[in-house]
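# Observations on the model geometry
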Amino acid sequence: IWGVMMKKELTGKKLDPNDPEVQKLSYELAMYEQHAKQVEAQIKELQKVMNNLSLTLEGLKGFKKDKESLYSMGSGVMVKGKIVDEDNVLVDAGSGILLEMDKDSAMKHVNKQIEEVKEEYNKKDQMLVEVVGQIDVLNKKARKLLGQD
(Lines give C-alpha, C1' and ligand atoms only; values in the text may rest on other atoms or scores of the structure.)
Protein backbone atom coordinates (compact mmCIF):
# COMPACT_ATOMS: atom_id res chain seq x y z
CA ILE A 1 0.00 0.00 0.00
CA TRP A 2 2.89 2.38 0.70
CA GLY A 3 4.06 2.11 -2.91
CA VAL A 4 0.56 2.97 -4.07
CA MET A 5 0.41 5.83 -1.55
CA MET A 6 3.70 7.23 -2.83
CA LYS A 7 2.30 7.23 -6.38
CA LYS A 8 -0.73 9.07 -5.06
CA GLU A 9 1.49 11.68 -3.40
CA LEU A 10 3.45 12.10 -6.64
CA THR A 11 0.22 12.89 -8.46
CA GLY A 12 -0.33 15.75 -6.03
CA LYS A 13 -3.03 14.08 -3.95
CA LYS A 14 -2.03 13.37 -0.39
CA LEU A 15 -3.14 10.39 1.60
CA ASP A 16 -2.90 10.56 5.35
CA PRO A 17 -0.92 7.55 6.67
CA ASN A 18 -2.64 8.16 10.02
CA ASP A 19 -6.06 7.57 8.49
CA PRO A 20 -7.52 4.52 10.32
CA GLU A 21 -8.68 2.97 7.05
CA VAL A 22 -5.20 3.30 5.55
CA GLN A 23 -3.60 1.88 8.68
CA LYS A 24 -6.02 -1.05 8.76
CA LEU A 25 -5.44 -1.84 5.10
CA SER A 26 -1.69 -1.55 5.49
CA TYR A 27 -1.72 -3.82 8.54
CA GLU A 28 -3.89 -6.43 6.81
CA LEU A 29 -1.66 -6.44 3.74
CA ALA A 30 1.44 -6.87 5.87
CA MET A 31 -0.17 -9.74 7.78
CA TYR A 32 -1.27 -11.56 4.62
CA GLU A 33 2.12 -11.05 2.97
CA GLN A 34 3.87 -12.47 6.06
CA HIS A 35 1.45 -15.41 6.09
CA ALA A 36 2.13 -16.06 2.39
CA LYS A 37 5.89 -16.14 3.08
CA GLN A 38 5.37 -18.63 5.92
CA VAL A 39 3.19 -20.89 3.79
CA GLU A 40 5.74 -20.74 0.95
CA ALA A 41 8.48 -21.81 3.40
CA GLN A 42 6.29 -24.69 4.62
CA ILE A 43 5.68 -25.79 1.03
CA LYS A 44 9.45 -25.80 0.36
CA GLU A 45 10.01 -27.96 3.45
CA LEU A 46 7.30 -30.38 2.35
CA GLN A 47 8.98 -30.62 -1.07
CA LYS A 48 12.26 -31.53 0.64
CA VAL A 49 10.53 -34.19 2.74
CA MET A 50 8.83 -35.61 -0.36
CA ASN A 51 12.16 -35.72 -2.21
CA ASN A 52 13.80 -37.53 0.73
CA LEU A 53 10.96 -40.05 0.89
CA SER A 54 11.19 -40.66 -2.86
CA LEU A 55 14.94 -41.26 -2.55
CA THR A 56 14.28 -43.66 0.34
CA LEU A 57 11.76 -45.55 -1.76
CA GLU A 58 14.23 -45.81 -4.64
CA GLY A 59 16.89 -47.02 -2.21
CA LEU A 60 14.57 -49.72 -0.93
CA LYS A 61 13.87 -50.87 -4.49
CA GLY A 62 17.61 -51.26 -5.18
CA PHE A 63 18.26 -52.98 -1.86
CA LYS A 64 20.20 -56.24 -2.60
CA LYS A 65 22.17 -58.67 -0.47
CA ASP A 66 25.96 -58.20 -0.59
CA LYS A 67 25.56 -54.79 -2.25
CA GLU A 68 28.21 -52.43 -0.93
CA SER A 69 27.02 -48.97 -0.03
CA LEU A 70 27.48 -46.06 2.37
CA TYR A 71 25.29 -45.98 5.45
CA SER A 72 24.59 -42.99 7.63
CA MET A 73 25.72 -43.17 11.22
CA GLY A 74 24.16 -39.75 11.91
CA SER A 75 25.57 -36.21 12.03
CA GLY A 76 27.08 -36.57 8.57
CA VAL A 77 29.17 -39.64 9.46
CA MET A 78 29.00 -42.47 6.93
CA VAL A 79 30.27 -46.02 7.01
CA LYS A 80 30.87 -48.37 4.10
CA GLY A 81 29.18 -51.71 4.44
CA LYS A 82 27.43 -54.62 2.76
CA ILE A 83 23.82 -55.63 3.11
CA VAL A 84 23.55 -59.00 4.83
CA ASP A 85 19.73 -59.24 5.03
CA GLU A 86 17.87 -57.97 1.99
CA ASP A 87 14.48 -59.07 3.30
CA ASN A 88 14.28 -56.88 6.40
CA VAL A 89 15.02 -53.26 7.20
CA LEU A 90 14.87 -51.06 10.28
CA VAL A 91 12.36 -48.21 10.12
CA ASP A 92 12.47 -45.19 12.41
CA ALA A 93 9.15 -45.05 14.28
CA GLY A 94 10.13 -41.85 16.09
CA SER A 95 11.55 -41.14 19.54
CA GLY A 96 14.60 -43.25 18.74
CA ILE A 97 12.53 -46.42 18.26
CA LEU A 98 13.40 -48.65 15.30
CA LEU A 99 10.99 -51.23 13.98
CA GLU A 100 12.10 -54.21 11.94
CA MET A 101 9.97 -54.57 8.81
CA ASP A 102 10.14 -56.68 5.72
CA LYS A 103 11.08 -54.75 2.60
CA ASP A 104 7.55 -54.68 1.17
CA SER A 105 6.07 -53.38 4.43
CA ALA A 106 8.74 -50.70 4.61
CA MET A 107 7.96 -49.65 1.04
CA LYS A 108 4.25 -49.46 1.89
CA HIS A 109 5.14 -47.41 4.98
CA VAL A 110 7.18 -44.96 2.90
CA ASN A 111 4.46 -44.76 0.23
CA LYS A 112 1.94 -43.95 2.96
CA GLN A 113 4.22 -41.19 4.23
CA ILE A 114 4.55 -39.83 0.69
CA GLU A 115 0.75 -39.71 0.37
CA GLU A 116 0.43 -37.92 3.71
CA VAL A 117 3.03 -35.34 2.68
CA LYS A 118 1.32 -34.86 -0.71
CA GLU A 119 -1.98 -34.28 1.07
CA GLU A 120 -0.40 -31.69 3.37
CA TYR A 121 1.38 -30.11 0.38
CA ASN A 122 -1.94 -29.77 -1.46
CA LYS A 123 -3.55 -28.17 1.61
CA LYS A 124 -0.70 -25.68 1.92
CA ASP A 125 -0.79 -24.96 -1.81
CA GLN A 126 -4.52 -24.23 -1.62
CA MET A 127 -3.93 -22.06 1.45
CA LEU A 128 -1.33 -20.08 -0.48
CA VAL A 129 -3.78 -19.56 -3.35
CA GLU A 130 -6.35 -18.23 -0.87
CA VAL A 131 -3.86 -15.92 0.84
CA VAL A 132 -2.66 -14.53 -2.49
CA GLY A 133 -6.32 -14.00 -3.41
CA GLN A 134 -6.81 -12.00 -0.20
CA ILE A 135 -3.72 -9.94 -1.00
CA ASP A 136 -5.19 -9.17 -4.43
CA VAL A 137 -8.51 -8.11 -2.84
CA LEU A 138 -6.69 -5.82 -0.41
CA ASN A 139 -4.58 -4.34 -3.21
CA LYS A 140 -7.79 -3.56 -5.12
CA LYS A 141 -9.19 -1.88 -1.99
CA ALA A 142 -6.01 0.16 -1.73
CA ARG A 143 -6.27 1.26 -5.36
CA LYS A 144 -9.93 2.13 -4.85
CA LEU A 145 -9.08 4.09 -1.71
CA LEU A 146 -6.52 5.99 -3.72
CA GLY A 147 -8.89 6.50 -6.62
CA GLN A 148 -6.75 4.48 -9.02
CA ASP A 149 -9.31 2.05 -10.37
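Note: the structure precedes this text.
Residues numbered from 1 in each chain as written. Predicted model: local features only at pLDDT ≥ 70, side-chain atom pairs only at ≥ 80, totals over all residues. Heavy atoms only, no water.

### Thoughts on the overall build of the protein
Scanning the protein from terminus to terminus reveals three helices and four strands. Moving toward the C terminus, one meets the helices and strands of the protein in the order α-α-β-β-β-β-α. Partitioning the contacts of the protein with sequence separation of at least 6, the portion at a separation of at least 24 is 53%. A total accessible area of about 10,800 Å² is found for the protein, and carbon and sulfur atoms account for 53% of it. (Helix = DSSP H or I, 4+ residues; strand = E, 2+ residues; numbered from the N terminus. Contact = heavy atoms within 4.5 Å. Areas by Shrake-Rupley, 256 points an atom, 1.4 Å probe, with all protein chains shown as cover.)

### Regarding the pattern of salt bridges
As enumerated under the stated definition, the model contains seven salt bridges in all. For the salt bridge of K80 with E68, the shortest nitrogen-to-oxygen distance reads 3.9 Å. One end of the pair, K80, is in strand β2 (residues 77-82); the other, E68, is in strand β1 (residues 68-74), and twelve residues separate them in sequence. What makes K80 exposed here is its relative accessible area of 59%. Close ionic contact of E119 with K123 constitutes a salt bridge, the shortest N to O distance being 3.8 Å. Here the residue E119 and the residue K123 both occupy positions in helix α3 (residues 103-145), the gap between them amounting to four residues, near one helical turn. For K123, a relative accessible area of 49% gives the class partly exposed. (Salt bridge = Lys/Arg side-chain N within 4 Å of Asp/Glu carboxyl O. Buried < 20%, exposed > 50% of the residue type's maximum accessible area, 1.4 Å probe, protein only.)

### Section: the nonpolar core
L60, V89, A106 and V110 are the most contacted members of the largest nonpolar core, which totals 15 residues. If you list the elements that add at least two residues to this core, you get α2 (20-61), β3 (88-94) and α3. Those residues in contact with A106, other than ones at most four positions away along the chain, are L60, V89, V91 and M101. Counting ten residues, the second-largest nonpolar core is a separate cluster that includes L25, V131, I135 and L138. (Core = buried A, V, L, I, M, F, W, Y, C linked by side-chain atoms within 4.5 Å.)

### Remarks on the packing of α2 against α3
Across the interface, α2 lies against α3 with an axial gap of 8 Å and an inter-helix angle of 160°. Compared by their axis directions, α2 and α3 come out roughly antiparallel. Here the hand of the crossing between α2 and α3 comes out left-handed. Among the residues making up the contact of α2 with α3, the classes are represented as 26 nonpolar, nine polar and eleven charged. (Axes fitted to C-alpha atoms, helices over the stretch in contact; angles between N-to-C directions. Parallel < 35°, antiparallel > 145°, perpendicular 65-115°, else oblique. Left-handed = near helix turned anticlockwise from the far one by under 90°. Nonpolar A, V, L, I, M, F, W, Y, C, P; charged D, E, K, R; others polar.)

### Thoughts on α3
Helix length check: α3, at 43 residues, gives a terminal C-alpha distance of 62 Å against a target of 63 Å (1.5 Å per residue), a fit within 8%. Restricting attention to buried positions, one finds in α3 the residues K103, A106, M107, V110, I114, V117, K124, L128, V131, I135, L138 and A142. Where α3 begins, one side-chain oxygen reaches toward the backbone nitrogen of D104, 3.1 Å away; that side chain belongs to D102. Looking one or two residues past α3, G147 carries a phi angle of roughly 70°, positive in sign. (Expected span 1.5 Å × (residues − 1). Polar contact = N/O pair within 3.5 Å; in protein donor to acceptor, adjacent residues only side chain to side chain.)

Any link to function would need more than the numbers given here.
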